[in-house]
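Observations on chain architecture
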Amino acid sequence: MTDTATKKRAKTGLRGLLNSRTATAGAVILICLVVLAAFAPLIAPHDPAKQDLRARLAPPAWVAKGSITHLLGTDQLGRDILSRVIYGTRISLLVGVSVVLLASTVGTLLGLLAGFLGGRVDALLMRIVDVFLAFPFLLLAIVIMAMLGASLTNIILVLAITGWVDYARVVRSQVLSVRELEYITAAKALGARNPVIMLKHILPNVVASVIVIGSLQLGSVIIAEASLTFLGLGIPPSIPTWGSMLASGREYFVLAWWLPTFPGIAIVLTVLSVNFLGDWLRDVFDPTL
Amino acid sequence: MGRYVVSRSLQAVFVILAVLVVTFIIVRAVGDPSRLLVSPEGSRENLAQIRHVLGLDAPLQVQFVRFVGDVVRGDFGKSFTFGRPALQLVLERVPATLLLALTALALAVPTGILLGMVSAVKRNTIYDNLATTLAVLGRAVPNFWLSIMLIVVFGAYLKWLPPSGYGTPLHIIMPSVALSAGLAAIVARLTRSSLLEVMSQDFVRTARAKGLSESRVLTRHVLRNALIPIATVVGLQAGHLLGGAIITETIFAWPGVGRLLTQSIYNYDYPVVQTSVFIISVTFVFLNLAIDLLYALIDPRIRYD
């Protein structure tokens, strides 16, 4: 094994991850968030929807008049903020991961088709990509959500519809260079059919870039979901999410700083951890992206 | 160059056509707008009558041709809420949005470049760490949350700035800061990497060897070359400020196109929704066209891409 090969292997493995302080921090935070999301009913001290009007707008435990029962305080309806933040993790991660999976699958397949088949398919797909790039993505998402109505499925669909473009472009350009390689010609000469060549011989070459784009996209998807929910165009208010916590009770923010502070910190921490991991993956797999 | 201008402009025309189709679909899919005009107790005949007046009973392709004709004549219909021509309403709001977006741009670019320069020149020092942390945070903090926290801290607790509204120079400080943070972070990150790359090149060593002062090397030789990729990204991102402005304007009650759009969505005022979307998209398309053509003029290599 050559020196560079050894180096690359060391960088990609767990040891490589631990060598990067930011990537390690990202991984640790993300693991904690996944645990919180998975075991929310066991971890959350209260029912996130339970109202207690006598305990409304209680400050966090360490502030004067705060109590241990509500560590991060309560909102205008007396709901426990810590519990709502914990449950909110579920939605943010669910939406983020679903959107990235959906967008990357669609984008990768379309990119493969465009790059491999070329000609009219390619021209048509690239024009569609141009159109998508010509809209500010947030405007597109806002407008489609306004027409579909707020719901969990709709927000996932809308963010996937606006998110596949990056994958399609990158995959296409990589396919263009890979398809000219000799082993593809060899596969063709052996009589392999197009779908087989695309999925078995070309796809493995583009997977690394797809993973990098996905990890970098995850953070922006989480922010987009929270933003749309905040505008009332994302997840319906009945489900506790970070975006809806920031939207409801806006008139109390001035009285109770803890209402907007904690869900916001949750978003920032999540996006930071995902970005740290994404940056690391990019440095390891494909620094040109 | 001529051929590039023509093909790039044709592409822009194609995109605007697509914008028209999308706007058309939105209006027809948003739910039957005639239902919004009839009271729940209204009769079926009432509904049919209104559908006829709005032309919604015609076949879709006929509706589309009529729609394009109306757009060409600048007729986007009347606002349901304000009873005035939608186009007029939207155009009145354009200056406020432009003012906000340009102020944010004017804040983001120098801040980003400065942070990036500090990072690159003082590489691996506490200054670098501080500037990099700011840039990393700028990418992770959602624009709408930053807006809320600014209002809570500077508007409500400290009472230094008006929490929302429009009119005095004080009003624009918080919205433009909130809108510029993301872009400033991108610029800072890019400036750092771009400067570091240029600084390692031979001509910089030559400039130093000639005995130029460090500040002269930095401004005349390094920064000038590092600015090219920065300008590209600023150009690409400038249009996205329009998207971000939708949220910022809504939070700060800034009377721009973005706030008009969200209000119209809440009020089901579909002529105004359609017009705002169209105007924002067309501005975005022309902005991108202008930037692309400008680059082709500056850097001939781009044309052959």
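Keep in mind that this is a model prediction, so the values were computed, not measured.

1. As for the overall build of chain A
Scanning chain A from N- to C-terminus turns up 13 helices and zero strands. Written out in order from the N terminus, the α and β elements of chain A read α-α-α-α-α-α-α-α-α-α-α-α-α. Residue burial in chain A is summarised as follows: out of 289 residues, 45% are buried.

2. What to know about the overall build of chain B
Within chain B, the secondary structure is distributed over twelve helices and zero strands. In chain B, the order of α-helices and β-strands from amino to carboxyl end is α-α-α-α-α-α-α-α-α-α-α-α. In terms of overall dimensions, chain B is more spread out than a globule: its C-alpha atoms have a radius of gyration of 24 Å, far above the 19 Å expected for 305 residues. Viewed in the frame of its principal axes, chain B has a C-alpha envelope of about 85 × 60 × 30 Å. Expressed as a percentage of its 305 residues, the buried residues of chain B come to 37%. Here the analysis covers contacts within chain B between residues at least 6 apart in sequence; of these, 69% occur between residues at least 24 apart.

3. A closer look at the packing of helix H5 (residues 81-117) of chain A against helix H8 (residues 152-163) of chain A
All names here are of chain A. One can describe the packing of H5 onto H8 by two numbers: an axis separation of 8 Å at closest approach and a directional angle of 40°. The orientation of H5 relative to H8 falls into the category oblique. Considering only the axes of H5 and H8, their crossing is right-handed. Where H5 abuts H8, its residues Val 95, Ser 98, Val 99, Leu 102, Ala 103 and Val 106 lie against Ile 155, Ile 156, Leu 159, Ala 160 and Gly 163. A breakdown of the residues in the contact of H5 with H8 according to their chemical character gives nine nonpolar, two polar and no charged.

4. Observations regarding the nonpolar core
Judged by nonpolar contacts, the single largest core of 146 residues is most densely connected at Ala 141, Ile 142, Met 145 and Leu 159 of chain A together with Val 187 of chain B. With residues up to four places along the chain from it excluded, the contact list for Ala 141 of chain A reads Val 158, Leu 159, Thr 162, Ala 224 and Leu 228 of chain A.

5. Thoughts on the packing of H5 of chain A against helix H11 (residues 194-230) of chain A
Residue and element names in this part refer to chain A. Between H5 and H11, whose axes approach to 8 Å, the crossing angle comes to 145°. You can see that H5 and H11 cross each other, and the crossing is right-handed. For the pair formed by H5 and H11, the contact residues are Ser 92, Val 95, Gly 96, Val 99, Val 100, Ser 104, Thr 108, Leu 112 and Phe 116 on the first element and Met 198, Ile 202, Leu 203, Val 206, Val 210, Gly 214, Gln 217, Leu 218, Val 221, Ile 222 and Glu 225 on the second. Taken together, the residues of the contact of H5 with H11 break down into 13 nonpolar, six polar and one charged.

6. A word on the interface of chain A and chain B
Facing the 30 residues of chain A at the interface are 34 residues of chain B. Secondary structure elements with two or more residues in the side of chain A that touches chain B: helix H6 (119-134), helix H7 (137-148), H11 and helix H13 (258-285) of chain A. Of the residues belonging to the side of chain A that touches chain B, the class tally is 24 nonpolar, four polar and two charged.

7. Side note on helix H4 (residues 60-72) of chain B
It helps to recall that an α-helix has 3.6 residues per turn; residues three or four apart then point in one direction. All names here are of chain B. End to end, H4 covers 18 Å across 13 residues, agreeing with the expected 18 Å (1.5 Å per residue, within 8%). Taking burial as the measure, the 13 residues of H4 include one buried ones, a minor fraction of the element. Looking at the residues trailing H4, positive phi occurs at Gly 74, about 75°.

8. Comments concerning the environment of Leu 53 of chain A
Take Leu 53 of chain A: it is sitting in the loop between helix H4 (40-43) and H5. Each C-alpha atom of the pair Leu 53 of chain A and Ile 156 of chain A lies 34 Å from the other, and the pair is 103 residues apart in sequence.

9. Here we look at the confidence of the model for chain B
Residues and elements named next belong to chain B. Taken over all residues, the pLDDT of chain B has a mean of 85, while the share at 70 or more is 91%. For chain B, per-element mean pLDDT is lowest for helix H2 (residues 33-37), which scores 62, and highest for helix H5 (residues 86-121), which scores 93. Reported confidence for the predicted complex is 0.87 by ipTM and 0.87 by pTM.

10. Points about the confidence of the model for chain A
When pLDDT is averaged across chain A, the result is 87; 95% of the residues are at 70 or more. Taken together, the stretch residues 1-10 of chain A has pLDDT below 50 and engages in three contacts with residues farther than four places along the chain or on a different chain.

11. Focus: the domain arrangement of chain B
All names here are of chain B. Each assigned domain of chain B is listed here: domain 1 (2-72) and domain 2 (87-298). Taken over C-alpha atoms, the centre of domain 1 sits 34 Å from the centre of domain 2. Counting residues at the interface gives 14 residues for domain 1 and twelve residues for domain 2. Those elements giving two or more residues to the side of domain 1 that touches domain 2 turn out to be helix H1 (2-29) and H2. Partitioned by chemical class, the residues of the side of domain 1 that touches domain 2 number eleven nonpolar, two polar and one charged.

12. Quick word on the environment of Pro 260 of chain A
Locating Pro 260 of chain A in the fold gives a position in helix H13. Here the alpha-carbon distance between Pro 260 of chain A and Val 210 of chain A, two residues 50 residues apart in the chain, equals 35 Å. Not counting chain neighbours up to four residues away, the residues in contact with Pro 260 of chain A comprise Leu 246 and Phe 253 of chain A together with Ile 148, Met 149 and Val 152 of chain B.

Each value, and the rule that gives it
- Residues numbered from 1 in each chain as written.
- Chains lettered and ligands numbered in written order.
- Predicted model: local features only at pLDDT ≥ 70, side-chain atom pairs only at ≥ 80, totals over all residues.
- Helix = DSSP H or I, 4+ residues; strand = E, 2+ residues; numbered from the N terminus.
- Buried ≥ 20, exposed ≤ 12 C-beta atoms within 10 Å, placed from the backbone.
- Rg over C-alpha atoms; globule rule 2.2 N^0.38 Å.
- Contact = placed C-beta atoms within 7 Å.
- Axes fitted to C-alpha atoms, helices over the stretch in contact; angles between N-to-C directions.
- Parallel < 35°, antiparallel > 145°, perpendicular 65-115°, else oblique.
- Left-handed = near helix turned anticlockwise from the far one by under 90°.
- Nonpolar A, V, L, I, M, F, W, Y, C, P; charged D, E, K, R; others polar.
- Core = buried A, V, L, I, M, F, W, Y, C linked by C-beta atoms within 7 Å.
- Expected span 1.5 Å × (residues − 1).
- pLDDT = per-residue confidence, 0-100.
- Domains from an automatic or database assignment.

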